[in-house]
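Breakdown of the fold
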Amino acid sequence: MAHRNRRFADPPTMADYTSADWARRQQAEARFLAKAAPLSERRQALSLDDTGLMLHELRVHQIELEMQNEELRQAQLALDIERARYFDLYDLAPVGYCTLSDAGLIRQANLTAASLLGDSRSRLAGQPISRFIARADQDIYYLHRKRVLENGEPQACELRMVKADGTPFWAHLASTAAPEADDGVLRLVLSDISERKHAEAERARFEQVLQEQNAELERARRVAEKANRAKSEFLSNMSHDLRTPLTAILGFAQLMESGSPPPTPSQARSIAQILKAGWYLLGLINEVLDLSLIESGKLLLAMEPVSLPELMAECQDLVEPQAIEHGVSVSFPRFDRSCLVQADRRRLLQVLTNLLSNAIKYNHAGGTVAVTCRPSHPEVWRISVRDSGPGLSPTQLAQLFEPFNRLGQEVGGEEGTGIGLVVCKRLVELMHGVIGVDSRVGRGSSFWIELPVAAAAQAAAAAAATSVPQCPPDEGSSPRTLLYVEDNPANLMLVEEIVARRSDLRLLSARDGRGGVDTARACRPEVIVMDIGLPDISGIEALKMLAGDPATAHIPVIALSANAMPCDIENGLRAGFFRYLTKPIRIDEFSAALEFALEFARCTHPDGCSSRDGELGHR
């Protein structure tokens with residue numbers, strides 16, 4: 001006002017005030033005059049010291065007021081900073097904030113909410129929040145709002161929303177009831193969860209695809225298993241049907257070869273050809289079965305400590321006739337100490353005889369084959385078969401272990417299938433070993449296998465398990481009885497011819513399983529030889545009947561069957577057969593098994609010298 005710029009000697013006039021202000025001015029003047037007289041009297045009474053003290057107090061009070069004003073100014077400044085920070089946090093928060101009226105209209109929204117909804121803050125104000133909720137999810141929102149208002153507790157939901165331009169997105173909505181003093185009813189927190197929803201949908205689609213693929217794989221697995229079962233059944237039937245006639249062919253040919261009087265030279269040559277063709281066909285059957293079992297993962301191995309000196313002696317006996325026939329000299333190592341490897345004895349013998357047979361077969365007259373055994377390092381033994389044959393080129397070496405690939409030998413005079421080495425490689429690997437070859441054209445080949453050394457404790461246990469029971473010699477001269485249960489007349493005739501060569505044996509026969517059980521109960525034979533595929537009951541069922549009868553439970557029963565799959569042999573041994581022999585019969589193998597069973601029966605018969613169980617013969 002104008003009067004504030006005047007000197008105090010020029011009092012303000014009415015023109016300087018409004019009527020209300022002028023009235024207030026007059027009232028103040030009157031109060032001052034009423035107090036002025038006493039104050040004037042007191043002022044006259046004040047001394048000079050009192051006046052100085054009063055001025056001091058006034059100045060101190062003035063400084064105090066200035067300090068209070070500064071504190072208030074600083075507090076106001078801090079408050080302004082915090083208020084600005086709060087609004088920054090509110091506006092720039094990573095989630096959207098909205099305040100709604102009781103009618104569901106947007107009162108306030110931060111910048112994030114405006115960005116989520118695709119409109120400016122000023123244009124959002126006064127709009128219903130339901131406008132931005134997808135029509136299909138309106139019920140979700142109204143139910144959510146109802147729960148907040150009824151319960152007063154915070155609520156959350158997920159629903160689809162729509163931006164101002166119509167773009168849809170997924171949102172997480174959290175709501176709380178606002179205080180009564182607030183100008184809104186609900187406070188909303190909005191979060192865009194579109195990426196998470198898309199990821200969940202993608203994962204759901206992936207899981208659906210995965211389930212469909214798993215179902216397809218399961219169907220494929222069932223089809224493959226069905227095909228494998230069909231293949232196994234076919235191979236088993238083929239093996240059985242081929243082995244049955246081969247039993248008569250090879251069995252009677254062996255009898256003719258070793259008969260008395262001996263065959264003429266011409267007959268001997270004919271018999272040799274029959275045996276050669278028969279054993280070749282049997283070998284082909286066995287190799288096909290082995291390869292099929294290995295590829296299906298169903299081949300079972302009996303891992304045990306195997307004595308290399310004993311194995312080498314057996315290999316020498318097996319390949320010596322072939323070496324003499326081809327004019328090839330074969331040398332085997334001499335051992336000055338025990339050498340044991342961990343392997344399946346029968347399969348290792350199969351591998352070595354295959355390597356030796358190839359070394360002899362693809363050699364030249366006057367050639368040599370050398371077998372060596374040496375440790376390649378402390379835990380591994382290497383067995384090598386080196387020949388003086390033509391050797392192999394790098395191309396042939398690359399194709400060496402391919403099934404049915406004879407490396408160009410098809411045009412030669414030597415028979416072969418091209419799967420022997422493949423089977424050898426798979427067998428060695430299944431026995432945790434390694435097979436390899438070193439060869440150069442014109443310098444021969446060296447095939448080698450490496451196998452782990454057997455532990456000493458395992459070797460001792462194996463030696464104890466294979467020991468033959470020692471019994472007193474049989475002083476009686478009466479023949480012992482053998483019962484053969486077989487429905488095939490040719491097979492029965494063959495065994496009759498084999499037994500007829502032994503004066504210490506008497507043969508009984510039965511054509512079916514029940515008949516065999518009755519004969520065993522009546523005659524109590526020392527040993528029983530039993531076919532598996534009998535016309536009434538299987539040989540395994542007949543064995544169970546015999547084992548369940550105390551009168552026959554002690555009799556060793558040898559299985560002699562054309563069911564030669566490894567699973568058949570395993571099932572037979574598990575059922576309790578003393579030995580499991582496969583057809584065709586090898587007369588020497590059959591005679592050895594029979595002799596072992598007779599010796600075992602003499603020692604374990606109730607009237608004999610011991611009572612050992614039949615586990616010994618399951619090896």
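Residues numbered from 1 in each chain as written. Predicted model: local features only at pLDDT ≥ 70, side-chain atom pairs only at ≥ 80, totals over all residues. Heavy atoms only, no water.

Take the overall build of the protein next. What the protein contains, in helices and strands, is 17 helices and 17 strands. A separation threshold of at least 6 residues defines the contact pool for the protein, and within that pool the share at least 24 residues apart is 62%. In the form shown here, the protein has an accessible surface area of approximately 35800 Å², with 55% of it arising from carbon and sulfur atoms. (Helix = DSSP H or I, 4+ residues; strand = E, 2+ residues; numbered from the N terminus. Contact = heavy atoms within 4.5 Å. Areas by Shrake-Rupley, 256 points an atom, 1.4 Å probe, with all protein chains shown as cover.)

Core analysis: the biggest nonpolar cluster contains 54 residues, and Leu348, Leu352, Leu356, Ile383 and Ile449 have the highest contact counts within it. Excluding residues that lie within four positions of it along the chain, Ile383 makes contacts with Leu308, Met312, Leu352, Val371, Thr372, Cys373, Phe447, Trp448 and Ile449. The next biggest cluster of nonpolar side chains, apart from the first, holds 24 residues, and it includes Tyr484, Val495, Ile587 and Leu598. (Core = buried A, V, L, I, M, F, W, Y, C linked by side-chain atoms within 4.5 Å. Buried < 20%, exposed > 50% of the residue type's maximum accessible area, 1.4 Å probe, protein only.)

Inspection of every chain in the model, using the stated rule, returns 25 salt bridges. Here Asp504 and Arg502 are joined by a salt bridge, their closest N and O atoms 2.9 Å apart. Relative accessible area serves as the criterion here: at 26%, Asp504 is assigned to the partly exposed category. Arg502 gets classed as partly exposed once you look at its relative accessible area, which sits at 21%. Salt bridges sharing common partners tie together Glu158, Arg196, Lys197 and Glu200. (Salt bridge = Lys/Arg side-chain N within 4 Å of Asp/Glu carboxyl O.)

The next subject is the state of the cysteines. Applying the stated criterion across every chain, the model contains zero disulfides. Counting only cysteine sulfurs, Cys373 is the nearest neighbor of Cys315, a cysteine outside any disulfide, at a range of 9.2 Å. Residue Cys315 is classed as buried on the basis of its relative accessible area of 0%. (Disulfide = S-S within 2.5 Å.)

This paragraph deals with the sheet that holds strand E4 (residues 168-177). Strands belonging to one sheet form pairs held by backbone hydrogen bonds; the direction of such a pair is parallel or antiparallel. Here we have five strands laid out as an open sheet, ordered E2-E1-E5-E4-E3, and antiparallel in their pairing. Two strands close off the open sheet at either side, each with one partner strand: strand E2 (106-109) and strand E3 (155-162). Strand after strand, the sheet turns through a mean of 30° between neighbouring axes, direction not considered. Two elements, strand E1 (residues 96-100) and E2, share three bridges in a ladder whose sense is antiparallel. Pairing of Thr99 across the sheet is with Gln108, part of E2. Against the sheet, helix H5 (residues 138-151) makes contact with E1, E3, E4 and strand E5 (186-192), and its axis sits at roughly 150° relative to E3, the strand it touches most. Along the sheet, helix H6 (residues 194-257) makes contact with E3, E4 and E5, crossing E4 at roughly 120°. (Pairing = 2+ DSSP bridges. Axes fitted to C-alpha atoms, helices over the stretch in contact; angles between N-to-C directions.)

With that settled, the discussion passes to unusual backbone geometry. With an omega of 0°, the peptide bond running from Ser260 to Pro261 counts as cis. Its place among the elements puts Pro261 in the loop between H6 and helix H7 (265-296). Cis geometry is adopted by the peptide bond preceding Pro584, which originates at Lys583 and carries an omega value of 0°. Its location among the elements puts Pro584 in the loop between strand E17 (579-582) and helix H17 (587-604). In this structure, His432 takes a positive phi of about 65° despite not being glycine. With respect to the secondary-structure elements, His432 resides in the loop between helix H11 (420-430) and strand E11 (434-439). In this model, Arg524 sits at a positive phi of 50°, which is unusual for a non-glycine residue.

A separate point is H7. For H7, which comprises 32 residues, the first-to-last C-alpha distance of 46 Å matches the rise-based estimate of 46 Å (1.5 Å per residue) to within 8%. Of the positions making up H7, those classed as buried are Ile271, Leu275, Gly278, Leu282, Ile285, Glu287, Leu289, Asp290, Leu291, Ser292, Leu293 and Ile294. Where the residues of H7 are buried, they touch H6, helix H9 (345-361), H11 and helix H16 (566-575). Gly297 lies just past H7 and shows a positive phi near 75°. (Expected span 1.5 Å × (residues − 1).)

Helical geometry: 3.6 residues make up each α-helical turn, so side chains three or four residues apart lie on a common side. Taken together, the buried positions of helix H14 (residues 513-523) are Gly513, Gly516, Val517 and Ala520. Projected down its long axis, H14 shows its buried positions confined to an angular sector of 100°, all on one face. Measuring from the side-chain oxygen of the N-cap residue of H14 to the backbone nitrogen of Gly515 gives 2.6 Å; that N-cap residue is Asp512. With its phi angle positive at about 50°, Arg524 sits one or two positions after the end of H14. (Arc of directions from axis to C-beta. Polar contact = N/O pair within 3.5 Å; in protein donor to acceptor, adjacent residues only side chain to side chain.)

A few words on a nonpolar patch on the surface. On the surface, Met54, Leu55 and Leu58 cluster together into a nonpolar patch covering about 290 Å² of accessible area. Looking at the element boundaries, Leu55 is found in helix H2 (residues 48-92). Looking at Leu55, the relative accessible area reads 43%, which means it is partly exposed. (Patch = residues over 30% accessible without salt bridge, like charges linked within 9 Å, V, L, I, M, F, W, Y side chains within 5 Å.)

Attention now moves to the packing of H14 against helix H15 (residues 539-547). Relative to each other, H14 and H15 sit at 25°, their axes nearing to 9 Å. Classified by the angle their axes make, H14 and H15 are roughly parallel. The handedness of the crossing between H14 and H15 comes out as right-handed. In contact with Gly513, Val517, Ala520 and Arg521 of H14, H15 contributes Ala542, Met545 and Leu546. (Parallel < 35°, antiparallel > 145°, perpendicular 65-115°, else oblique. Left-handed = near helix turned anticlockwise from the far one by under 90°.)

What follows deals with the pairing of strand E15 (residues 527-530). Side chains Val527 and Val529 of E15 all project onto a buried face; the interleaved residues Ile528 and Met530 project onto the opposite face, where all are buried too. Pairing of E15 with strand E16 (residues 557-561), which is carried by three bridges, proceeds in the parallel orientation. Across the sheet, Met530 pairs through a bridge with Ala559, a residue of E16. Crossover E15 to E16 through H15 is right-handed. (Right-handed = clockwise from strand over helix to strand, strands pointing away.)

Counted under the stated rule, the structure contains one cavity of 30 Å³ or more. Around the largest cavity, the lining residues are Lys231, Ser232, Ser292, Leu293, Ser296 and Met565. When residues in the lining of the largest cavity are grouped by element, the largest group, three residues, is from H7. Of the residues belonging to the lining of the largest cavity, the class tally is two nonpolar, three polar and one charged. (1 Å grid on protein atoms, 1.4 Å probe; cavity = no way out; pocket = protein on both sides within 12 Å on 5 of 7 lines; lining within 4 Å. Points joined across faces, edges and corners; volume = space filled by probe spheres on them. Nonpolar A, V, L, I, M, F, W, Y, C, P; charged D, E, K, R; others polar.)

Now for the packing of aromatic side chains. Centre distance and the angle of the planes are the two values used to describe a pair of aromatic rings. Taken as a whole and assessed by the stated rule, the structure comprises three aromatic pairs. Between the aromatic rings of Phe578 and Phe600, the centroid separation amounts to 5.0 Å while the plane-to-plane angle is 45°, which identifies the pairing as tilted. You can see Phe578 sitting in the loop between H16 and E17 and its partner Phe600 sitting in helix H17, a full 22 residues away along the chain. Here Phe578 falls in the buried class, since its relative accessible area comes to 2%. (Phe/Tyr/Trp six-rings, centres within 6.5 Å; stacked < 30°, edge-to-face > 60°.)

It is worth spelling out a positive patch on the surface at this point. On the surface, Lys226, Arg229, Lys231 and Lys298 cluster together into a patch of positive charge. Following the sequence through the fold, Lys231 ends up in helix H6. (Lys, Arg positive; Asp, Glu negative; His and termini not counted. Charge placed at Lys NZ, Arg CZ, Asp CG, Glu CD.)

With that out of the way, let us pick up the sheet that holds E17. An order of E14-E13-E15-E16-E17 is seen for the five strands of this open sheet, with the pairing classed as parallel. Every other strand in the sheet has two partners, leaving strand E14 (505-510) and E17 as the edge strands with one partner each. Strand after strand, the sheet turns through a mean of 20° between neighbouring axes, direction not considered. Most of the contacts of helix H13 (residues 489-500) go to E14, to which it runs at about 170°, and overall it touches strand E13 (480-485) and E14.

By themselves, these observations are geometric and do not establish any function.
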